[in-house]
Amino acid sequence: MYGGSTRKEKKKCRRKRPNKGGQRRGGYRLTSRFNPYADVRLQSSNPRTMPMLPMVLVPAELFGQCSGTQVYKAMHSNTAKVVAEDGRDRITVPVESKGQDIETHVHNAESSSTVEEGAEVSQPKAVDSKLGAEESAKDDWHKITVLHGKRYKKEWLTNQLQKLCPVPFQLTDLHYAKAHMVFYVPDKTTANGLNSISKKIKTKIGFKLIILTKAEIPPSLQVVDEATMEAMKLCIVKRFDAATSSLNLSNMYWDTELKAQNIRVPLNQKKYMNSVIAIIKDNVPVIDHLDMSDNKLYSLNGLADLVSVRGGVTSLNISHNELKSESELEKIEGWNLEMLWMNDNPLCNHYCEQYTYISTVRRWFPNVVRLDGQAVLPANCNN
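Residues numbered from 1 in each chain as written. Predicted model: local features only at pLDDT ≥ 70, side-chain atom pairs only at ≥ 80, totals over all residues. Heavy atoms only, no water.

1. Topic: the sheet that holds strand β10 (residues 211-215)
Quick reminder of the rule: Any two strands with at least two DSSP bridges between them are considered paired. The numbering of helices and of strands both runs from the N terminus, where a helix is a DSSP run of H or I of at least 4 residues and a strand a run of E of at least 2. Think of each axis as a best-fit line through the C-alpha atoms, taken over the contacting stretch in the case of a helix, with angles from 0 to 180 degrees between the N-to-C directions. In what follows, residue pairs with any heavy atoms lying within 4.5 Å of each other are defined as contacts.
Pairing is antiparallel across the open sheet formed by four strands, whose spatial order is β8-β9-β7-β10. The open sheet terminates on both sides in strands that have one partner only, identified here as β8 (172-177) and β10. On average, each strand axis in the sheet is tilted by 20 degrees relative to the strand beside it, whichever way the strands run. Helix-sheet contacts for helix α4 (residues 154-164) involve β7 (142-146), β8, β9 (180-185) and β10, and the interaxial angle to β9 is about 45 degrees.

This is the structure we're talking about:
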């Protein structure tokens, strides 16, 4: 856009560009609220007479959700001081704890390893015992984020994490969120151990990997709230036919009874599928035929968890979904299926000949005698 502009217009455009150095006198620079790196700004009450103070911000999960915390960090120090606006509460925390949130406030000194003398620290309010137990259970699991971890080989990075971490651990729900590696650990001790090795893993070019921790339940263990769970339970019990051991979970999102209660159940989301499996475990003793059609399933990860709960399924309907790869069938090969419906899935477009389609299905289910509603010859019969 600069090619046909005058010199004056170019100069005006350059003035509009963000100040990369953040050294503008009398002002401040603040990065995005959701930036994974620590937000840094320089400010001074009187820039002509007072020096600019480097300031970083600490994540809200360490100190609470109120506003007004300022965190001052010395240039050559390994700690950052957290100072409330009233000047009373002062806490020293590791620099690695700096994070994303803009507005935080110190209200619980127990979150920090050291407290300065004379600090006045407010005590946390008493909470209901049941709520406290739920919060304690949530705090057991922690989400671990390795910034820019996707750039490196998974085997190398996981080996480095397990080698340097002082606490032995296994990675749960490992995946990538944009450029970052994300996984979960089941206790705070392991999370603290991983946090202690932040910036201690060096790449070939000398880059130090930053590790962030946050109390959060992994998606594979999340379930819906009690009211929604109870409504789903009544719905599933009505959909179960004990005489034929059939469970019809087709088109659950548009179930009329749930819709009347303003409840939607998208079974392509892990949280809802986890809830369904929990209900089945307690209320559906046996399943012979399972109908999961019309649920917009993009994968069979949820059904893979059901295989270990109800392993006697011999008839499965997963038609009219969004399955794109036949490799998804490998996740449920623990079921000895004799009848299978997969029509109207994108993966069906991969096969021009019926014989190839049947052969692919029989790689995982050799005893299938009925496919998409049509009878097929047993695998041991000659054509």
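2. As for the sheet that holds strand β12 (residues 246-248)
With respect to topology, seven strands assemble into an open sheet ordered β11-β12-β13-β14-β15-β16-β17, the strand pairing being mixed. Looking along the sheet, the strands with just one partner apiece sit at the ends: β11 (240-241) and β17 (374-375). Where β11 lies against β12, two bridges are found, and the strand directions are antiparallel. Within β12, the residue paired with Asp 241 across the bridge is Ser 246.

3. A closer look at the side chain of Ser 293
As a reminder, the rule being used: The rule is simple: take the accessible area with a 1.4 Å probe, protein chains only, and divide by the maximum for that residue type; under 20% is buried, over 50% is exposed, in between is partly exposed. Whenever a nitrogen or oxygen atom comes within 3.5 Å of another N or O atom, the pair is scored as a polar contact, on the condition that within protein one atom can donate a hydrogen and the other can accept it, and that pairs from neighbouring residues in sequence are kept only if both atoms are in side chains.
Here Ser 293 shows up in the loop between β13 (289-291) and α9 (301-307). Overall, Ser 293 belongs to the buried group, its relative accessible area being 6%. Polar contacts involving the side chain of Ser 293 include one to the side chain of Asp 291, which spans 2.8 Å. Apart from residues no more than four positions distant in its own chain, Ser 293 is found in contact with Ser 250, Asn 251, Asn 317, Ser 319 and Asn 321.

4. Quick word on helix α6 (residues 226-239)
Rule in force here: Expected span of a helix: the number of residues minus one, times 1.5 Å. The arc under discussion is defined with respect to the helix axis, by the directions toward the C-beta atoms.
For α6, built from 14 residues, the straight-helix expectation of 20 Å at 1.5 Å per residue is met to within 8% by its first-to-last C-alpha distance of 20 Å. Within the span of α6, buried status applies to Thr 228, Ala 231, Met 232, Cys 235, Ile 236 and Arg 239. An end-on view of α6 places all buried positions within 130 degrees of arc, on one side of the element. Exposed residues lying more than 90 degrees from the buried face of α6 are Glu 226, Ala 227 and Lys 238. Looking at the packing, one finds that the buried side of α6 touches β11, β12, α7 (256-260) and α8 (270-283). Where α6 begins, the side chain of Asp 225 points an oxygen toward the backbone nitrogen of Ala 227, at a separation of 3.2 Å.

5. Overview of the packing of aromatic side chains
Selection rule: Note on aromatic contacts: the rings of Phe and Tyr and the six-membered ring of Trp form a pair at centre separations within 6.5 Å, being stacked when their planes are under 30 degrees apart, edge-to-face when over 60 apart, and tilted otherwise.
Applying the stated criterion to the full structure yields four aromatic pairs. Seen in terms of ring centroids, Phe 169 and Phe 183 are 6.1 Å apart; in terms of plane orientation they differ by 10 degrees. Their pairing is stacked. Here the residue Phe 169 occupies a position in the loop between α4 and β8, and Phe 183 occupies one in strand β9, the gap between them amounting to 14 residues. Of the two residues, Phe 169 and Phe 183, both sit in the buried class. Taking 5.1 Å as the distance between ring centres and 80 degrees as the angle between the ring planes, the aromatic pair formed by Tyr 253 and Trp 254 counts as edge-to-face. The class of Trp 254 is partly exposed, set by a relative accessible area of 47%.

6. A closer look at the packing of α6 against α8
Basically, it comes down to this: Note that the term roughly parallel is reserved for angles under 35 degrees, roughly antiparallel for angles over 145, roughly perpendicular for angles of 65 to 115, and oblique for everything else. In this scheme, a crossing is called left-handed if the near helix is turned counterclockwise away from the far one by less than a right angle; it is called right-handed if the turn is clockwise.
Between α6 and α8, whose axes approach to 10 Å, the crossing angle comes to 60 degrees. Taken together, α6 and α8 sit at an angle that is classed as oblique. As for the relative orientation of α6 and α8, their crossing is right-handed in sense. Along its contact with α6, which presents Met 229, Met 232, Lys 233, Ile 236 and Val 237, the element α8 presents Tyr 272, Ser 275, Val 276, Ile 279 and Asn 283.

7. So, the nonpolar core
The following threshold applies: Working definition of a nonpolar core: buried Ala, Val, Leu, Ile, Met, Phe, Trp, Tyr and Cys residues. They are joined through side-chain atoms within 4.5 Å.
The biggest cluster of nonpolar side chains holds 49 residues, and the ones touching the most others in it are Leu 290, Leu 303, Ile 318 and Trp 335. Those elements that provide at least two residues to this core are α6, α8, α9 and α10 (354-362). Ranked by residues supplied to this core, first place goes to α8 with six residues. Contacts of Ile 318, omitting those with residues within four sequence positions, involve Met 292, Leu 300, Leu 303, Leu 323, Leu 329, Leu 340, Trp 341, Met 342 and Asn 345.

8. Observations concerning the confidence of the model for the protein
As a reminder, the rule being used: Values of pLDDT, ranging from 0 to 100, describe the predictor's confidence in every residue of the model.
In this model, the protein carries a mean pLDDT of 74, and residues with pLDDT of at least 70 account for 62%. Mean pLDDT values over the elements of the protein span from 36, in strand β6 (residues 114-115), up to 97, in β13. Within the model, the stretch residues 21-135 combines pLDDT values under 50 with 195 contacts to residues more than four positions away or in other chains.

9. Looking at the pattern of salt bridges
To be explicit about the condition: The salt bridge definition used is simple: a Lys or Arg side-chain nitrogen within 4 Å of an Asp or Glu carboxyl oxygen.
Inspection of every chain in the model, using the stated rule, returns four salt bridges. In this structure, Arg 239 and Asp 255 form a salt bridge, with 2.9 Å as the shortest nitrogen-oxygen distance. Taken together, the positions of Arg 239 in helix α6 and Asp 255 in the loop between β12 and α7 put the pair 16 residues apart, joining distant regions of the chain. Each member of the pair, Arg 239 together with Asp 255, is buried. Of the charged contacts, one joins Asp 305 and Lys 270 as a salt bridge, the two residues approaching to 2.4 Å between their closest N and O atoms. Here the residue Asp 305 occupies a position in helix α9, and Lys 270 occupies one in helix α8, the gap between them amounting to 35 residues.

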